[in-house]
Amino acid sequence: GFRLNVALAQERALRSEFADLVDQQEIVLEVIDSSKTTKAFLRATADDSKSYGKLFTRSDFRDVVAMAGRLPVPPAWQAYHLWVTEDGQTYLAGIMKVNEKGFGLLVFTADQPGPVYEAAQLILQPMGSTSPTGVPTIAWQASP
């Protein structure tokens, strides 16, 4: 009976994780594959880095998609924090999960549909960081 309960709990956890992943994939496709989508390219800040990223917004959606590739895998006590600037205010959009191949994805919700950002930066920081400190791994700045 105990083993059955453990197996059922594990199956429920996997099913929940899969459902969240499918929901996220649908949002990603809705945001990035639209004629109403704006794309910002985040470039590596170090000359020897091949890291890159993209920030996708859609004029009629609140959901925002950020993707990054070729990132160094972070140590256990650090994570990639995505900071965005809107109306002169910089805030944490979220923590980007990165797989063993250096690919990261973050979906977050803006305050209103069609957010317009002035800048975005992905910074490897200690978990729980509350401000954008350190050198960004990749960054983007809107043209004036």
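Please refer to the structure higher up on the page.
Model, not experiment: these values are computed from the prediction.

Draft legend 1. Expanded view of the nonpolar core. Ranked by size, the top nonpolar core spans 20 residues in total, and within it Leu 55, Leu 82, Met 96, Phe 108 and Leu 122 carry the most contacts. Elements with a contribution of two residues or more to this core: strand 1 (37-44), strand 3 (63-69), strand 4 (78-86), strand 5 (89-98), strand 6 (104-109) and strand 7 (119-126). When residues no more than four places from it in sequence are discounted, the contact partners of Leu 122 are Ala 68, Leu 71, Tyr 80, His 81, Leu 82, Met 96, Pro 136, Thr 137 and Ile 138. With five residues, the next largest nonpolar core counts Val 31, Phe 56, Val 65 and Val 107 among its residues.

Draft legend 2. The arrangement of the sheet that holds strand 1 in detail. Spatially, 1-2-3-6-5-4-7-8 is the arrangement adopted by the eight strands of the closed barrel, whose pairing is antiparallel. Across the sheet, the mean angle from the axis of one strand to that of its neighbour is 30°, orientation sign disregarded. Where strand 7 lies against strand 8 (residues 138-141), four bridges are found, and the strand directions are antiparallel. Bridge assignment links Gln 121 to a residue of strand 8, and that residue is Ala 139.

Conventions adopted
- Residues numbered from 1 in each chain as written.
- Predicted model: local features only at pLDDT ≥ 70, side-chain atom pairs only at ≥ 80, totals over all residues.
- Heavy atoms only, no water.
- Core = buried A, V, L, I, M, F, W, Y, C linked by side-chain atoms within 4.5 Å.
- Buried < 20%, exposed > 50% of the residue type's maximum accessible area, 1.4 Å probe, protein only.
- Helix = DSSP H or I, 4+ residues; strand = E, 2+ residues; numbered from the N terminus.
- Contact = heavy atoms within 4.5 Å.
- Pairing = 2+ DSSP bridges.
- Axes fitted to C-alpha atoms, helices over the stretch in contact; angles between N-to-C directions.

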